[in-house]
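# Examination of the molecular architecture
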Amino acid sequence: ASEADAAGRKPKKLSEIVVGFSQTGAESSWRIAHSKSIQEEAEKRHVQLLFADGQNVHNNQVNAVNGFITKGVDVIVIAPQESVGWKPTLKEAKRAGIPVVLTSRGVDAEEDLYATVMVADFVWEGRRAGEWLAKQTNGSARIIELVGTPAADVAVMRKTGFAEAIAKHPDMKIIASQSGDFTRTKGKAVMETLLAAHKGEINAVYAHNDDMALGAIQAIQAAGLKPGQDIQVISIDAVKPAFEAMMEGKLNATVECNPLHGPLLFDTIDKIVRGEKVPKRTIVPGQIFEREQAAAAIGSRPY
Ligand code: GYE
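Residues numbered from 1 in each chain as written. Predicted model: local features only at pLDDT ≥ 70, side-chain atom pairs only at ≥ 80, totals over all residues. Heavy atoms only, no water.

Further remarks concern the confidence of the model for the protein. This prediction gives the protein a mean pLDDT of 96; 97% of its residues lie at or above 70. Confidence drops under pLDDT 50 across residues 1-5; counting only partners more than four residues distant or on other chains, this segment forms six contacts. (pLDDT = per-residue confidence, 0-100. Contact = heavy atoms within 4.5 Å.)

Of the strand pairs in this sheet, strand 1 (residues 18-23) and strand 2 (residues 48-53) are connected by six bridges, and their pairing is parallel. Residue Val18 lies in a different strand from strand 2, and its bridge partner there is Gln48. Taking the sense of rotation as the criterion, the β-α-β connection linking strand 1, helix 1 (residues 29-44) and strand 2 turns out right-handed. (Pairing = 2+ DSSP bridges. Helix = DSSP H or I, 4+ residues; strand = E, 2+ residues; numbered from the N terminus. Right-handed = clockwise from strand over helix to strand, strands pointing away.)

Okay, the pairing of strand 3 (residues 75-78) next. Regular strands place their side chains on alternate faces of the sheet. The alternating pattern of strand 3 places Val75 and Val77 and Ile76 and Ile78 on opposite faces, both of which are buried. As paired elements, strand 1 and strand 3 share four bridges and run parallel to each other. By the bridge assignment for strand 3, Val19 is matched with Val75. Where strand 3 and strand 4 (residues 100-103) come together, three bridges link them in parallel fashion. Across the sheet, residue Val77 finds its bridge partner in strand 4, namely Val101. (Buried < 20%, exposed > 50% of the residue type's maximum accessible area, 1.4 Å probe, protein only.)

As a further point, take the packing of aromatic side chains. Using the criterion set out here, one finds three aromatic pairs in the structure. Residues Phe243 and Phe289 carry aromatic rings whose centres are separated by 5.1 Å and whose planes lie at 65 degrees to one another, so their mutual orientation is edge-to-face. Placement of Phe243 in helix 8 (residues 240-247) and of Phe289 in strand 12 (residues 288-290) is noted, with a sequence separation of 46 residues between them. Pair check on accessibility: Phe243 and Phe289 agree, each one buried. Lying across the ring of Tyr114, Lys280 places its NZ or CZ 5.0 Å from the centre. (Phe/Tyr/Trp six-rings, centres within 6.5 Å; stacked < 30°, edge-to-face > 60°. Lys NZ or Arg CZ within 6 Å of the ring centre and 35° of its normal.)

A packed helix pair is summarised by two numbers, namely the angle formed by the two axes and the spacing between the axes. The geometry of helix 1 relative to helix 9 (residues 262-273) is characterised by a closest axis approach of 8 Å and an angle of 50 degrees between their N-to-C directions. Classified by the interaxial angle, the pair formed by helix 1 and helix 9 is oblique. Classified by chirality, the crossing of helix 9 by helix 1 is right-handed. Contact with helix 1, carried on its side by Ser37, Ile38, Glu41 and Ala42, involves Gly262, Pro263, Leu265 and Phe266 of helix 9 and no other residues of that element. Here the residues of the contact of helix 1 with helix 9 sort into five nonpolar, two polar and one charged. (Axes fitted to C-alpha atoms, helices over the stretch in contact; angles between N-to-C directions. Parallel < 35°, antiparallel > 145°, perpendicular 65-115°, else oblique. Left-handed = near helix turned anticlockwise from the far one by under 90°. Nonpolar A, V, L, I, M, F, W, Y, C, P; charged D, E, K, R; others polar.)

Looking at the ligand, the residues that line it are Glu27, Ser28, Trp30, Arg31, Ser104, Arg105, Phe122, Val154, Arg158, Phe182, Asn209 and Asp237. A distance of 2.8 Å separates an oxygen atom of the ligand from a polar side-chain atom of Arg158. Protein contact buries 100% of the 300 Å² of open area that the ligand shows by itself. Mapped by element, the contributors of at least two residues to the shell around the ligand are helix 1 and helix 5 (153-166). Each residue belonging to the shell around the ligand can be placed in one class, and the counts come to four nonpolar, three polar and five charged. (Near = heavy atom within 4 Å. Polar contact = N/O pair within 3.5 Å; in protein donor to acceptor, adjacent residues only side chain to side chain. Areas by Shrake-Rupley, 256 points an atom, 1.4 Å probe, with all protein chains shown as cover.)

A few words on the packing of helix 7 (residues 210-222) against helix 8. At a closest axis distance of 9 Å, the pairing of helix 7 and helix 8 adopts a crossing angle of 35 degrees. Viewed along their axes, helix 7 and helix 8 form a crossing whose handedness is left-handed. Residues Asp210, Leu214 and Ile217 of helix 7 pack against Pro241, Ala242 and Ala245 of helix 8. Residue composition of the contact of helix 7 with helix 8, grouped by class: five nonpolar, no polar and one charged.

Given below as structure tokens:
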């Protein structure tokens, strides 16, 4: 191949470049808002965006990125379903002089293999959820944890942060912890199974995202219990459907994780193609919303 390396490239404008975007899939409301934000911003700034939906399969994403490299796109954006297994592909991109930007999840690879990563503080999110539940239950809870995609750093970190927070309370215990893959359907199915085994024993659900919590809420109701009352439910993302569930009293609280990465993403890509330096890591901040705040806040929720 005759691709010039990054240093040999002429600075470019956004309207002149092609960006290949390998998206995880469409597993959650968060993810759909994330895709939309990036697609809309690309259009606004006249960037040619090649969108590849990975359908939540790691190999689909690897193949898509290899395709982008072969095509010789200017920048590659990856929202990785799984954090492991990226090194060979990232090395290929580096050899081809194509900068890689990670968004929404990180990868397990040396920092020099990508230009920058934009995520939230996932450990903080888990910790915040745990602290909230501790306060809500006076430090006494028997919990079902619905884990995200286990091979994703975000699931590992949300688990870690939560475990850290509840470790300070000897009467808070995780009774069962199982993956619902960040989807509503699986959150419901897993909750049905876990309720069949632990009904009467548990009084709280911690879901790594709102979609799984919304699925769990359906399962709790189907089991004849009141979500938000018999079983406290806390999750992460703060998408609109979560606010609706809070207004119905079924979800108790949600920790915000902002999916609207589009503007920041293209500001960053703009700097990269102009040859400017960008920070290795950008943390998008969040806050917690309790159900008492839902009615006042829902109108101004952008996703
Ligand atoms: O919280 C979840 C999604 O990677 C931060 O992935 C993202 C997570 C988000 O499917 O809903």
